[in-house]
Amino acid sequence: MRRRSISIKEISALAGVSIATVSRVINQNGRFSPETEERVRKVIKEYGYEPDLVARSLRTNKMQVVGIIVPDITNEFFARVTQELQHNLFALGFSAIICNTNEEYDKEKRYLAMLKSQKVSGLIYISGEFADGKQSLQVPTIYIDRKPPVNSGIQDYVLIESDNAGGGYEATKALLESGCRHIALVTYRTDISSHGDRMLGYKRALQEHGIPFDPALTVQTDKVDMACGFKAADTLLREHSEIDGFFCTADLLAFGVRDRVYDTSAPTGRRLRLIGFDDLSFSGTKSVALSSVRQSVREFGQLGAETLVAMINGQELQQKQYLLPVQLIQRATS
């Protein structure tokens, strides 16, 4: 059907509900059944209805805008989560201001000041490293992927994260079950909750198999990129010839490790198994075929948007911490 401009009144007629119900569904405020929401959203999608955010802001004296703090938009995982959040927020009648900090504290502070001047309705931190209670905008705030820093002073918050410890455990367990006994760990800063929890899972799997944790087989990198992964693997392989497997707490690190392992100028002379974390889009290509732990990117976006909008609308939350399941995807490298 050809799309045309449509009003809330027409949506109510087509969906067979009142105008007030349509408004409640669009604003996610008030009561309505799942069946009613499905009918309304079907009409909205069919006719391409887009809410007038400016007009609504003038009526409610509140901007329907959310700030999203991203540490590195070039990182595919962060970019995909941001895209899902933006998509779901828009469907709920909110626009988003994307703030890429490049993991710089001063830049994050400037962005927060700008968001405050824009009178945003809410804030989402994706892997926020510098989240600071003193810099709070005093608006509903959600943290995705990482807990706020321990020294931030932030006590009451909503957290949506993956089962990072479970993912680290399953990855290491798979390497152990494939015959590995000297598994190296390449990770980012373990004071950051997501990477720290993945390391805890790694340690637990070793312990259950009667293998003591060896700090000498662990390298913490300064950044999450291929160059750091390559350098870490090169150091480990030169110093520890017994290594027979790698677990990396991010795929970008794992790609660098893979390049070093398969570097013809520095052959290892043995089969090394490798598992990463994130399952980026090109991890599954034939040229890479990297085993990895997959995170629920789509659920991050949907749950994050819906929870924040519920907070903005003053709804009581059933829970404030969510642990999303992960899935180990085994490919050629393991």
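These figures come from a predicted structure and were not determined experimentally.

Draft legend 1. Molecular detail of helix H8 (residues 193-208). The terminal C-alpha atoms of H8 lie 22 Å apart, and with 16 residues this matches the ideal 22 Å at 1.5 Å per residue to within 8%. The inward-facing, buried residues of H8 abut strand E5 (158-162), helix H7 (164-177), strand E6 (183-187), strand E7 (218-220), strand E8 (245-248) and strand E9 (273-278). Just past H8, the residue Gly-210 takes up positive phi, approximately 70°.

Draft legend 2. Representation of the packing of aromatic side chains within the structure. A complete count under the given rule lists five aromatic pairs for this structure. Where Tyr-202 meets Phe-213, the ring centres are 6.2 Å apart and the plane angle is 90°; that geometry is what we call edge-to-face. You can see Tyr-202 sitting in helix H8 and its partner Phe-213 sitting in the loop between H8 and E7, a full 11 residues away along the chain. A relative accessible area of 1% means that Tyr-202 is categorised as buried. Taken together, the aromatic side chains of Phe-77, Phe-78 and Phe-300 make up a single cluster linked through ring pairs. In this structure, Lys-203 packs its charged tip against the face of Phe-213, placed 4.5 Å from the ring centre. We note Arg-204 situated over the ring of Tyr-169; from NZ or CZ to the ring centre the distance is 3.9 Å.

Draft legend 3. Geometry of the pairing of E5. Burial analysis of E5 places five of its five residues in the buried class, the great majority of the element. Of the two faces of E5, both are covered, the one formed by Val-158, Ile-160 and Ser-162 as well as the one formed by Leu-159 and Glu-161. Across three bridges, strand E4 (residues 141-144) lies against E5 in parallel orientation. Bridge pairing in E5 links Tyr-143 to Leu-159. With four bridges joining them, E5 and strand E11 (residues 321-324) adopt parallel strand pairing. Residue pairing for E11: Ile-160 is matched across the bridge by Tyr-322.

Draft legend 4. Molecular detail of the pattern of salt bridges. The full count for this structure, using the stated rule, is 12 salt bridges. One salt bridge in this structure joins Glu-76 and Arg-80, with 3.5 Å as the shortest N-O distance. Remark: Arg-80 and Glu-76 occur in helix H5 (residues 76-91); sequence separation between them is four residues, near one turn of the helix. Overall, Glu-76 belongs to the buried group, its relative accessible area being 17%. Arg-80 gets classed as partly exposed once you look at its relative accessible area, which sits at 28%. In this structure, Arg-198 and Asp-145 form a salt bridge, with 4.0 Å as the shortest nitrogen-oxygen distance. Highlighted residues: Arg-198 in helix H8 and Asp-145 in the loop between E4 and E5, separated in sequence by 53 residues. Each member of the pair Arg-198 and Asp-145 is classed as buried.

Draft legend 5. Structural context of the sheet that holds strand E10 (residues 291-294). The strand order across the open sheet formed by six strands is E7-E6-E8-E9-E10-E12, and the pairing between neighbours is mixed. The two strands at the open ends of the sheet, each matched to only one other strand, are E7 and strand E12 (327-329). Strand-to-strand twist of the sheet, defined as the mean angle between neighbouring strand axes without regard to direction, takes the value 15°.

Criteria and cut-off values
For every chain, the first residue of the written sequence is number 1, and numbering continues from 1 along that sequence. The model is predicted, so local features are restricted to residues of pLDDT at least 70 and side-chain atom pairs to those at 80 or more, both for listing and for counting; the totals for chains, interfaces and linings are taken over all residues. As a rule here, side-chain values come from all non-hydrogen atoms in the structure, and water together with hydrogens is ignored. Under the DSSP-based scheme used, a helix requires at least four consecutive residues in state H or I and a strand at least two consecutive residues in state E, with every element numbered from the N terminus. One less than the residue count of a helix, multiplied by 1.5 Å, gives the span that helix is expected to have. Only heavy atoms enter the contact rule, under which two residues are in contact if any of them lie within 4.5 Å. Two rings from Phe, Tyr or Trp (for Trp, the six-membered ring) form a pair when their centres are within 6.5 Å of each other. A pair whose planes differ by under 30 degrees is stacked, one over 60 is edge-to-face, and the rest are tilted. Exposure classes here rest on a 1.4 Å probe applied to the protein chains alone. A residue is buried below 20% of its type maximum, exposed above 50%, and partly exposed in between. Distance and angle both matter: a charge sits over a ring if NZ of Lys or CZ of Arg is within 6 Å of the ring centre and within 35 degrees of the ring normal. Strands are labelled as partners when DSSP assigns at least two bridges between them. Whenever Lys or Arg places a side-chain nitrogen within 4 Å of a carboxyl oxygen from Asp or Glu, that contact is recorded as a salt bridge. Note on geometry: axes are lines fitted to C-alpha atoms, helical ones only across the stretch in contact, with angles between N-to-C directions running from 0 to 180 degrees.

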